[in-house]
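Coordinates in review
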Amino acid sequence: MAHVVLLKGINVGGHRSFRPSELAKSLKKYDVVNVGAAGTLVARQRVSRRDLQVEIKRRLPFEAAVMVCSGADILRLVSEDPFAGKAAGAGIVQFVSLMAERRPAPRRVPFDLPAEDRWCVRVLRVQNRFVLGLHRREMRAIRYLGQLGEVLDVELTTRSWSTILAVARVLQP
């Protein structure tokens, strides 16, 4: 099965900038497809998760966290339609964060960041290595999404639900 690769913290605010499309081209032996500019890749050829991580890290021009999950896990998540009935629109973004490793779900889910005042990030559920939630389309959301890893005590990286849907389209036979 294919693997989905999420690079953490690249092409953000002019820091650690590079072209993921060029990385994908350099990995053509794994039939890698780039999805967007945030470092989301799909490797459609058979390769071990570890070998793929090592190969990508070797080709990056800087240190970066390289998180890999199964394409089957992404397809399963999409098929469950986890955001059905959840608000989204001009001011709200549905997101999925991938944890570097599986962690037990926090005792209180859903929860908001900040916990008091008007929420900016709302975690709806934790499922396997995925954290699903909503965030307001505000600059301060970046800060609270960054704190999410601290709250859950795990390294993670976040993509919009629309990016995950695009990944699922690449994975479809």
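So, here is what we can say about the structure in this document. All values derive from a computational prediction rather than experimental measurement.

**Some details on the packing of helix 3 (residues 71-79) against helix 5 (residues 161-171)**
- Taken N-terminus to C-terminus, the directions of helix 3 and helix 5 make an angle of 120 degrees; their axes are 9 Å apart at the nearest point. As far as their axial angle goes, helix 5 and helix 3 are oblique. Between helix 3 and helix 5 lies a crossing whose hand is left-handed. On the side of helix 3, the interface is formed by Gly71, Ile74, Leu75, Leu77 and Val78, while helix 5 contributes Trp161, Ile164, Leu165, Val167, Ala168 and Leu171.
- The residue inventory of the contact of helix 3 with helix 5, partitioned by class, reads ten nonpolar, one polar and no charged.

**Section: the environment of Val123**
- By the secondary structure assignment, Val123 is in strand 7 (residues 121-127).
- Between the C-alpha atoms of Val123 and His135, which are twelve residues apart in sequence, the distance is 8.6 Å.
- Setting aside residues up to four positions removed in sequence, Val123 forms contacts with Val109, Pro110, Phe111, Val131, Leu132, Gly133 and Leu148.

**A word on the packing of aromatic side chains**
- Within the structure shown, the criterion is met by two aromatic pairs.
- Between Phe18 and Phe62, the aromatic rings sit 5.6 Å apart at their centres with planes inclined by 80 degrees, giving edge-to-face as the arrangement. In this pair, Phe18 sits in the loop between strand 1 (3-7) and helix 1 (20-26) while Phe62 sits in the loop between helix 2 (49-59) and strand 4 (66-70), placing the two residues 44 residues apart along the sequence. Accessibility assignment for this pair places Phe18 and Phe62 in one class, buried.
- Cation over ring: Arg136 sits above Trp119, and NZ or CZ is 4.2 Å from the ring centre.

**Some thoughts on the sheet that holds strand 4**
- Read from one edge of the open sheet, four strands run 2-3-1-4, paired in antiparallel fashion. The open sheet has two free edges, formed respectively by strand 2 (32-34) and strand 4, since each of these has just one partner strand. Each neighbouring strand pair of the sheet contributes to a mean axis angle of 25 degrees, computed without reference to strand direction.
- Two strands pair when backbone bridges link them, and strand 1 and strand 4 are joined in this way by five bridges, in the antiparallel orientation. Of the residues in strand 4, the one forming a bridge with Val4 is Cys69.
- Across the face of the sheet, helix 2 comes into contact with strand 1, strand 3 (40-43) and strand 4 while running at roughly 150 degrees to strand 4.
- Helix 3 rests against strand 1 and strand 4 of the sheet, and its axis sits at about 70 degrees to strand 4.

**Thoughts on the side chain of His3**
- Mapped onto the secondary structure, His3 falls in strand 1.
- At a separation of 2.9 Å, a polar atom in the side chain of His3 contacts the main-chain carbonyl oxygen of Val47.
- For His3, the residues in contact, after removing those within four places along its chain, are Leu41, Val42, Ala43, Val47, Ser48, Arg49, Leu52, Val68, Cys69, Ser70 and Gly71.

**Digging into unusual backbone geometry**
- Cis peptide bonds are those with omega within 30 degrees of zero, and the linkage from Val109 to Pro110 qualifies with 5 degrees.
- When you line up the elements, Pro110 lands in the loop between strand 5 (92-99) and strand 6 (111-113).
- For the bond running from Leu113 to Pro114, omega is -10 degrees, close enough to zero to count as cis.
- One non-glycine residue, Asp31, adopts positive backbone phi at about 50 degrees.
- For Asp31, the position within the fold is in the loop between helix 1 and strand 2.

Quick notes on the rules
- Residues numbered from 1 in each chain as written.
- Predicted model: local features only at pLDDT ≥ 70, side-chain atom pairs only at ≥ 80, totals over all residues.
- Heavy atoms only, no water.
- Axes fitted to C-alpha atoms, helices over the stretch in contact; angles between N-to-C directions.
- Helix = DSSP H or I, 4+ residues; strand = E, 2+ residues; numbered from the N terminus.
- Parallel < 35°, antiparallel > 145°, perpendicular 65-115°, else oblique.
- Left-handed = near helix turned anticlockwise from the far one by under 90°.
- Contact = heavy atoms within 4.5 Å.
- Nonpolar A, V, L, I, M, F, W, Y, C, P; charged D, E, K, R; others polar.
- Phe/Tyr/Trp six-rings, centres within 6.5 Å; stacked < 30°, edge-to-face > 60°.
- Buried < 20%, exposed > 50% of the residue type's maximum accessible area, 1.4 Å probe, protein only.
- Lys NZ or Arg CZ within 6 Å of the ring centre and 35° of its normal.
- Pairing = 2+ DSSP bridges.
- Polar contact = N/O pair within 3.5 Å; in protein donor to acceptor, adjacent residues only side chain to side chain.

By themselves these figures say nothing about function.
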